[in-house]
Amino acid sequence: MHFAILYVNVIIKMFGYPISIRRKITISYYVFLAIVLIVAVFTYFNLMTVENRIASTELLHGLLDKTLEIRRYEKNYFLYKQENDYIENRRLVIETEEFVKRHKEEFRRRLAQSSWIPHFQDSLREYKQIMEKDFISHSKGRNPANVINLEDNIRKLGREMVGIMEEVSRTEHNNTQNLLSFSRRVLIISFALVVVLGIVFGQVLSRVVIKPLKLLENRMNKIAEGSFEDFVIDSSDKEIISFTNAFKRMLKELEVRQLHLMQSEKLASLGTMLSGVAHELNNPLSNVASSCQILSEEIEDVTVDIAYKKELLLQIEEQADRMKNIVRSLLDFTRVREFKKELLSLKKLVEDTIVLIRGRIPTEVELAINVPGDIIIHADNQRLQQAFLNLIKNAIESIEKGIEKGRITITAWKDMGHNTVKISISDTGAGIRPEIIPKVFDPFFTTKGVGKGTGLGLFITHEIIAEHEGMINVESKVGQGTTFTIELPLKGV
Ligand SMILES: Nc1ncnc2c1ncn2[C@@H]1O[C@H](COP(=O)(O)OP(=O)(O)OP(=O)(O)O)[C@@H](O)[C@H]1O
Ligand SMILES: [Mg+2]
């Protein structure tokens, strides 16, 4: 593995930075091919040498056989003194001389040792001459002592020649054996080398291609879960770099689109809210109108208690304040601004949200709020309001489906063990069928008719809660109602 990393680094240094995967693979392929070629050429030449050695060793054996044959006729000649044996012996000697002459060059080239050749040739020549002398003196019947001396010399030379050939054959045989076992070792090492290189190149490829792709895959899974944060992929490959850049661009675009989506969802809920808000403003407005009417009628009537007139004015001021509150909440909600967390009272946030939606709640639906005043959260006011609005809106819609009167309960409590706050929004509405519960947070999932719902309400709510490092769960029973529970980190008392 270390070798693989070193190899990648060397390639990066050699070819500048960054280089493409295609180039890396091509370079690796050629390096691998070159090594395999070197091994193949080496093995081929090695085999050729072994083949030549074996051929020469066979020639040597032929030579040894001839020498032994020469000696056989020599023995026969000394035993029976037959002219035929001498002639055969001489023929064989001449044939051997020619054989050595003919193959001298080949022996020199192919055998490990060649110093024996002149020595053997000299011995052969001398042997031939003395043999001839012996034959002549024998046929002329000369001094027997002289003949015995010649015979001794001939035997000595014959033994010498056989000795030379045996020695050379043995040495060559051993050399060939050594060469063969060397070749075997080289082959095994080459094979191991090719296997190791194959593994190393595999690792290199996996490092270069598969790892960055795996990282991208992990990133994509995170995006699928809704996390758009930036990421870094450490790679020196052109393709991976440009792919990563394109991917990052897409991520940015997606983020922008999601913002737009949230904005349009907000506008959509604003539409629903407006009718409610108008309704909500209507009450204080008619209160103000009737107070004004009474006042204008009775302002000059001195019999009417001044305290009563003051009371009416106070009521007008109170109602005006209430209307100011409604308008402020509406303005707060519609203002487009950056996501900004601040310390907020959960009770106030819930109350402000209710102001926005109260007008939409039918009179048969009872709303109960149990939120302690001492819960402080770190949140974006507008976003969290949007989340609550979506949940309350769904609750109203689910109750509207039934015929009975309904109840929506918003409860909050601290979970000190986990240092979190839990907020549940339950309704006594129609409930959600178990098979669709896993889908309700999916974008565009809706059971409403075409053109009626976007199916983004719960998706966006989930996103908002995730932005606040929180969680949202749902429990529901068909015919009984639904409870959404939000868990947010607690930020002090
Ligand atoms: N309180 C609830 N009671 C019963 N069903 C619910 C409740 N809240 C959500 N659902 C189901 O989940 C689906 C998805 O809800 P979501 O708020 O995402 O979209 P929607 O309400 O259909 O559309 P939109 O929010 O745009 O009006 C709803 O269509 C409904 O079937
Ligand atoms: Mg909805």
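Everything numeric here is computed off the predicted structure, so don't read it as measured data.

Reading the values: the criteria
- Residues numbered from 1 in each chain as written.
- Chains lettered and ligands numbered in written order.
- Predicted model: local features only at pLDDT ≥ 70, side-chain atom pairs only at ≥ 80, totals over all residues.
- Heavy atoms only, no water.
- Axes fitted to C-alpha atoms, helices over the stretch in contact; angles between N-to-C directions.
- Helix = DSSP H or I, 4+ residues; strand = E, 2+ residues; numbered from the N terminus.
- Parallel < 35°, antiparallel > 145°, perpendicular 65-115°, else oblique.
- Left-handed = near helix turned anticlockwise from the far one by under 90°.
- Nonpolar A, V, L, I, M, F, W, Y, C, P; charged D, E, K, R; others polar.
- Salt bridge = Lys/Arg side-chain N within 4 Å of Asp/Glu carboxyl O.
- Buried < 20%, exposed > 50% of the residue type's maximum accessible area, 1.4 Å probe, protein only.
- pLDDT = per-residue confidence, 0-100.
- Pairing = 2+ DSSP bridges.
- Near = heavy atom within 4 Å.
- Polar contact = N/O pair within 3.5 Å; in protein donor to acceptor, adjacent residues only side chain to side chain.

## Quick look at the packing of helix α3 (residues 83–110) against helix α4 (residues 116–140)
- Viewed as axis vectors pointing N to C, α3 and α4 meet at an angle of 165°, and their least axial separation amounts to 10 Å. Of the possible angle classes, the one that applies to α3 and α4 is roughly antiparallel. Where α3 crosses over α4, the two elements pack in a sense that is left-handed.
- Among the residues forming the contact of α3 with α4, the class breakdown is 12 nonpolar, three polar and nine charged.

## Let's talk about the pattern of salt bridges
- In total, this model carries 25 salt bridges according to the counting rule given.
- Where R108 meets E105, a salt bridge forms, and the shortest distance between an N and an O atom there is 3.6 Å. Placement of both R108 and E105 in helix α3 is noted, with a separation of three residues, approximately one turn of the helix.
- By relative accessible area, which is 48% here, E105 ends up partly exposed.
- For the salt bridge of D352 with K348, the shortest nitrogen-to-oxygen distance reads 3.1 Å. In this pair, D352 and K348 are both assigned in helix α8 (residues 346–357), four residues apart and thus about one turn of the helix distant.
- D352 sits in the buried class, given a relative accessible area of 10%.
- What makes K348 partly exposed here is its relative accessible area of 45%.
- What you see here is one network of salt bridges that share partners, running through K66, E88, R91 and E95.

## Observations regarding the confidence of the model for the protein
- Mean pLDDT over the protein: 84, with 90% of residues reaching 70 or higher.
- In the model of the protein, helix α1 (residues 2–15) stands out as the element of lowest mean pLDDT, 56, in contrast to strand β5 (residues 420–427), which has the highest, 96.

## Considerations on the pairing of β5
- Most of β5 sits inside the fold, with eight of its eight residues counted as buried.
- As defined by bridge partners, strand β4 (residues 406–415) adjoins β5 across eight bridges and the pair is classed as antiparallel. Of the residues in β5, the one forming a bridge with I408 is D427.
- Hairpin connection between β4 and β5: a loop of four residues separates the two successive antiparallel strands, and N419 in this loop has a positive phi of roughly 55°.

## So, the site of ligand 1
- Around ligand 1 sit 19 residues, and of these T446, T447, K448, T454 and L458 come closest.
- In the environment of ligand 1, an oxygen atom lies 2.4 Å from a nitrogen or oxygen atom belonging to the side chain of T447.
- Between ligand 1 and the protein, one listed contact pairs an oxygen atom with a backbone N or O atom of G455 at 3.2 Å.
- Breaking the shell around ligand 1 down by element, the ones donating at least two residues are α9 (381–401), α10 (457–467) and β7 (481–489).
- Broken down by class, the residue content of the shell around ligand 1 amounts to five nonpolar, 10 polar and four charged.

## Quick word on the sheet that holds β4
- Reading across from one edge, β2-β4-β5-β7-β6 is the order of the five strands in this open sheet, with mixed pairing throughout. A single partner strand is all that each edge strand has here, and the edge strands are β2 (365–370) and β6 (471–477). Averaged over all adjacent pairs, the angle separating strand axes in this sheet is 15°, with direction ignored.
- Alignment of β5 against β7, held across eight bridges, turns out to be antiparallel.

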